Amino acid sequence: MSFLVLCPTRGRPDAARETLASFQETRELSNTQLLFVVNADEDQEIYRGMPTFVVPRQDWMNDVLRLAVDHILLVGPPDYLGFIGDDNRFRTPGWDRRVVEVLDSQGGGFAYGNDLGRFDIPSHVFVSSKIIRALGWFGLPGAHHLYLDNTWGHLGEGADCLYLIPDLIIEHLHPLFGK
């Protein structure tokens, strides 16, 4: 079993470092990895010591995801693929084990935890890679920032495979939530 979490980031190395630290402190499975996806026009030195994948400059998060996922699909996708923003912090120890347990027990799907802000859409998401392979994308082509999570929610609801794990905390430090 392999699990890769993608985190697009731009010009916020301190936020990325905090995300990475919370990831490392709470993951339980040794094959769960975090990869920051960064634009080529940024100074790569600011991400020194962090796992990064560099893409040509893109304006929209779905384009950043598209390039990263296209590469991942070519080299062999993990069993599970995740998305978080650099304003997310992993709070629940063993969150990755819980996600895998839920998705395995249901035969796959979309899972997300409590972001301490809202429950109606997955502001972060973990997906069975077989779904990504079938769709051919992770971020809806043509969508812009703030609508990717709506798409994941609609897809999961429509296929009856969207799973909220309310006691799994991945805090979203978003200004809309006063953070």
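Check the entry above for the structure.
Residues numbered from 1 in each chain as written. Predicted model: local features only at pLDDT ≥ 70, side-chain atom pairs only at ≥ 80, totals over all residues. Heavy atoms only, no water.

A.B. asks: I tried to follow the pairing of strand E6 (residues 110-114) on my own but got confused; where do I start?
C.D. replies: Remember that side chains alternate between the two faces of the sheet whenever the strand is regular. Of all 5 residues making up E6, 5 are buried, and the element is well covered by its neighbours. Across 2 bridges, the pairing between E6 and strand E7 (residues 125-128) is antiparallel. Each residue of the ladder has a partner; that of Ala-111, found in E7, is Phe-126. Bridging between E6 and strand E8 (residues 162-172) involves 5 bridges; their strand directions are parallel. Bridge assignment links Gly-113 to a residue of E8, and that residue is Ile-165. (Buried < 20%, exposed > 50% of the residue type's maximum accessible area, 1.4 Å probe, protein only. Helix = DSSP H or I, 4+ residues; strand = E, 2+ residues; numbered from the N terminus. Pairing = 2+ DSSP bridges.)

A.B. asks: Help me understand the sheet that holds E6, please; the structure alone is not making it clear to me.
C.D. replies: Sheet strands associate in pairs through backbone hydrogen bonding, adopting either a parallel or an antiparallel arrangement. On the basis of which strands lie adjacent, the open sheet formed by 8 strands has the order E3-E2-E1-E4-E7-E6-E8-E5 and mixed pairing. If you trace the sheet from one side to the other, it starts and ends with strand E3 (52-55) and strand E5 (88-90), each paired once. With direction set aside, neighbouring strand axes in the sheet form an average angle of 35°. With 4 bridges joining them, strand E1 (residues 3-8) and strand E4 (residues 80-83) adopt parallel strand pairing. Bridging from a neighbouring strand, Leu-6 pairs with Phe-83 of E4. Contacts from helix H3 (residues 95-106) reach E1, strand E2 (32-39), E4, E5, E6, E7 and E8, with the element oriented near 170° to E8. (Axes fitted to C-alpha atoms, helices over the stretch in contact; angles between N-to-C directions. Contact = heavy atoms within 4.5 Å.)

A.B. asks: Would you mind going over the packing of aromatic side chains with me for this structure?
C.D. replies: What describes a pair of aromatic rings is the distance from one ring centre to the other and the angle between the planes of the rings. With the rule as written, the count across this model stands at 9 aromatic pairs. Taken together, a centroid distance of 5.6 Å and an interplanar angle of 70° make the contact between Phe-3 and Trp-95 edge-to-face. One end of the pair, Phe-3, is in strand E1; the other, Trp-95, is in helix H3, and 92 residues separate them in sequence. Given a relative accessible area of 1%, Phe-3 falls into the buried group. Residue class for Trp-95 comes out buried when judged on its relative accessible area of 0%. Ring centres of Phe-3 and Phe-126 lie 5.6 Å apart, and the angle between their planes is 80°; this geometry places the pair in the edge-to-face category. Taken together, the positions of Phe-3 in strand E1 and Phe-126 in strand E7 put the pair 123 residues apart, joining distant regions of the chain. (Phe/Tyr/Trp six-rings, centres within 6.5 Å; stacked < 30°, edge-to-face > 60°.)

A.B. asks: Help me understand the pattern of salt bridges in this model?
C.D. replies: Where charged atoms from two side chains of opposite charge come close, those side chains can pair. Within this structure, the stated rule accounts for 12 salt bridges. In this structure, Arg-98 engages Asp-167 in a salt bridge whose closest nitrogen and oxygen atoms are separated by 3.2 Å. Highlighted residues: Arg-98 in helix H3 and Asp-167 in strand E8, separated in sequence by 69 residues. Residue classification places Arg-98 among the partly exposed positions, given a relative accessible area of 22%. Here Asp-120 makes a salt bridge to Arg-118, at a shortest N to O gap of 2.7 Å. (Salt bridge = Lys/Arg side-chain N within 4 Å of Asp/Glu carboxyl O.)

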